[in-house]
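# Coordinate analysis (summary)
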Amino acid sequence: MAAQPSTIIEAKDVDFYYPGGEDADSSALSGINLTVKQGEYLALVGPNGSGKTTFLKLLNALLIPTHGQVLVKGISTEVESTLPEVRRACGMIFQNPDNQLVATTVEEDIAFGLENLALPPEEIRNRVFKTATLLGLEKLLRQPPHLLSGGEKQRVAIAGVLVMEPECILMDEPTAMLDPAGRCDVLNTVRELNRNRNIAVIHVTHFPEEAAGANRVVVLNEGKLAADGAPVEVMTDLQFLHGLGLQGTTAVELAALLRQDSFPLPPQILYNRELVDSLCSLGQKS
Amino acid sequence: MFIGTEKLTHTYMPGTPFATKALHDISFNFKQGDFALIIGPSGSGKSTLIQHLNGLLKPTSGQVVFEGKNISSDKQELLRLRKRIGMVFQMPEEQFFSETVFDEVAFAPRNQGFDDNEVENKVIEALKKSGLDPDELRMRHPFQLSAGQKRLVAIAAVLSLNPEVLILDEPTVALDTAYRKNLFDLLTGLNHKEGLTIIISTHHLDEAAALANRVLVLKQGELAMFGPAAEVFGRREELYNLGLALPPVTEIMHGLAEKGMPVKTSVYTLQEARQAINEVKRRDRS
């Protein structure tokens, strides 16, 4: 009998106010309840300013809820003595890698977290090399991070988190600065870690195509949970998405326009390939 | 030649063990009124190249040319040049340092020695040009604005000197769909109505592909392609091999064409795609 996937993250009735904004209107987040299980790949979407980054920061105790509680593997993020465990379990990848890289060479940067665990140097070197190779950084280990391109820097930041073997990776628009090939690399790597090692992923993104690739989509709007469901439910509901200033995938958007022109397309088209196949099969029928 | 380079080569930290050749033998020119894109994978030299165009970096060899003249290294002349060629960096809002939107935008005009009246006029004009309401925003703290507004304030700060060329490094990074559209509408307006020459460095072609008339492609510091947008985007295979991707909507059209639908593939917007697909249906019937 397969074991139930265990809960990694639990947010219970979470409200958050930034300092100076205690009145009810200015809450950055309010009434958030969310459970994330081992191995889930959750895309977190919402307009700019909807509270996505704030929520992510609550999940590894960079911020503490004003009301309510966040539990990581059952540990409350409020308890200071267990913060190292919370942050090891939930590694964060920020939008801009420049804010995250601290060392003078790539190798030292990836090793930073491990050095703080006081592991033997040989073990550190091995784990750093393995992670760097996974992300295609093995040739850059001796380079100073500030001389790398934006995409390479982001992969170094991801390596610094991966090397800690987290149960959950929090990513705040990790591909915003990457080129299409870099985006693909990083997304494939993260997907692989998600599938093969059962690492949960919470991925904040503005790209509908990335959200469509998750296995669950959560939408935030004005600090509240606006939707939570499978990509095929959430990312195809254009009336809802457009109402928030968001978009569906290109395939969803184009399919909707073509339905207006009375192309009889099925409702659950989400990916390019599905739209292409549907349009071509229409052509054959007529 | 309006703006461009001749045999430009740039090496970072020449003569040290870290010497890295970032650009090699680049020659191109953009015309006045162009909406130009500089694309290429991460690390291909995009940011290095655009930093040459307003004299922030000096060529190791070769020349940067503006209005037929070599950009000299004379300090006074460089200052005048930077007034005429404005540069918006990646994530420019991270460089905000003023208490109010007004002061932020007024920084450059004040530095240029304009009196208070002129500064005020320039700030108000720049905010309006950037699609912002001066009365509503001038006394606000820049950090209180939305992500999209912050980006526009950063653009206003550059427009305050009435440049003839506006260079933007990845201007839409971390903006949601609605803000991205807003920003590109603004740039299109500035290009069409004010005749502002726009140069964008990006690897995200989704919105930019439909607007550009000239495209330069970099590959590992070398010029891989340069020409009219339609010609460069027509070389899909080569772009793909460089790790670049055409907009998803263009990919859908190629997908249809590959399955035998006689559809136009040089399509970069949803509306164009809709028309092209309807066109095929009409031809089928007649």
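The structure this text deals with has already been given above.
Just so it is clear, the structure is predicted and the values come from calculations on it, not from any experiment.

Calculation criteria
Residues numbered from 1 in each chain as written. Chains lettered and ligands numbered in written order. Predicted model: local features only at pLDDT ≥ 70, side-chain atom pairs only at ≥ 80, totals over all residues. Heavy atoms only, no water. Helix = DSSP H or I, 4+ residues; strand = E, 2+ residues; numbered from the N terminus. Buried < 20%, exposed > 50% of the residue type's maximum accessible area, 1.4 Å probe, protein only. Contact = heavy atoms within 4.5 Å. Buried area = accessible area lost by both parts, 1.4 Å probe. Salt bridge = Lys/Arg side-chain N within 4 Å of Asp/Glu carboxyl O. Polar contact = N/O pair within 3.5 Å; in protein donor to acceptor, adjacent residues only side chain to side chain. Nonpolar A, V, L, I, M, F, W, Y, C, P; charged D, E, K, R; others polar. Expected span 1.5 Å × (residues − 1). Pairing = 2+ DSSP bridges. Axes fitted to C-alpha atoms, helices over the stretch in contact; angles between N-to-C directions.

## Remarks on unusual backbone geometry
All names here are of chain A. Its identity is not glycine, yet E173 carries a phi of approximately 45°, on the positive side. On the secondary structure map, E173 appears in the loop between β7 (168-172) and α6 (180-196). Residue classification places E173 among the buried residues on the basis of a relative accessible area of 8%.

## Some points on the environment of R285 of chain B
Its location among the elements puts R285 of chain B in helix α11 (residues 270-285). Spatially, the C-alpha atoms of R285 of chain B and D34 of chain B are 41 Å apart, while their sequence positions differ by 251 residues.

## Regarding the interface of chain B and chain A
Every contact between the two is made by 37 residues of chain B and, on the other side, 39 residues of chain A. At the boundary of chain B with chain A, total buried surface from both sides reaches about 3,300 Å², with 64% on carbon and sulfur atoms. Viewed at the interface, chain A and chain B are joined by two salt bridges. Between D261 of chain A and R274 of chain B there is a salt bridge whose closest N-O contact spans 2.9 Å. At the boundary of chain B with chain A, the tally comes to nine residue pairs in polar contact (both at pLDDT 80 or more). Elements with a contribution of two residues or more to the side of chain B that touches chain A: α7 (177-193), α10 (248-258) and α11 of chain B. Here the side of chain B that touches chain A takes seven residues from α11 of chain B, the largest share from any one element. Across the side of chain B that touches chain A, the residue classes break down as 20 nonpolar, 10 polar and seven charged.

## Notes on the environment of L220 of chain A
Residue and element names in this part refer to chain A. Here L220 lies in strand β9 (residues 216-221). Overall, L220 belongs to the buried group, its relative accessible area being 1%. In contact with L220, other than residues within four places in its own chain, are L29, I32, L44, V45, G46, P47, S50, G51, K52, F55, L225 and A226.

## Here's the deal with α6 of chain A
All names here are of chain A. Compared with an ideal rise of 1.5 Å per residue, which puts 17 residues at 24 Å, α6 spans 24 Å between its outermost C-alpha atoms and is within 8% of the ideal. All buried positions along α6 are accounted for by P180, G182, R183, V186, L187, T189, V190, L193 and N194. Of the residues flanking the end of α6, it is N198, one or two places downstream, whose phi is positive at about 65°.

## Comments concerning the sheet that holds β7 of chain A
All names here are of chain A. The six strands are arranged β6-β7-β8-β3-β9-β10 in an open sheet whose pairing can be described as mixed. For this open sheet the edge positions go to β6 (90-93) and β10 (224-229), each flanked by a neighbour on one side alone. Taking each pair of neighbouring strands and ignoring which way they run, the sheet shows an average axis angle of 15°. Of the pairings in the sheet, the one linking strand β3 (residues 41-45) to β9 comprises four bridges and is parallel in character.

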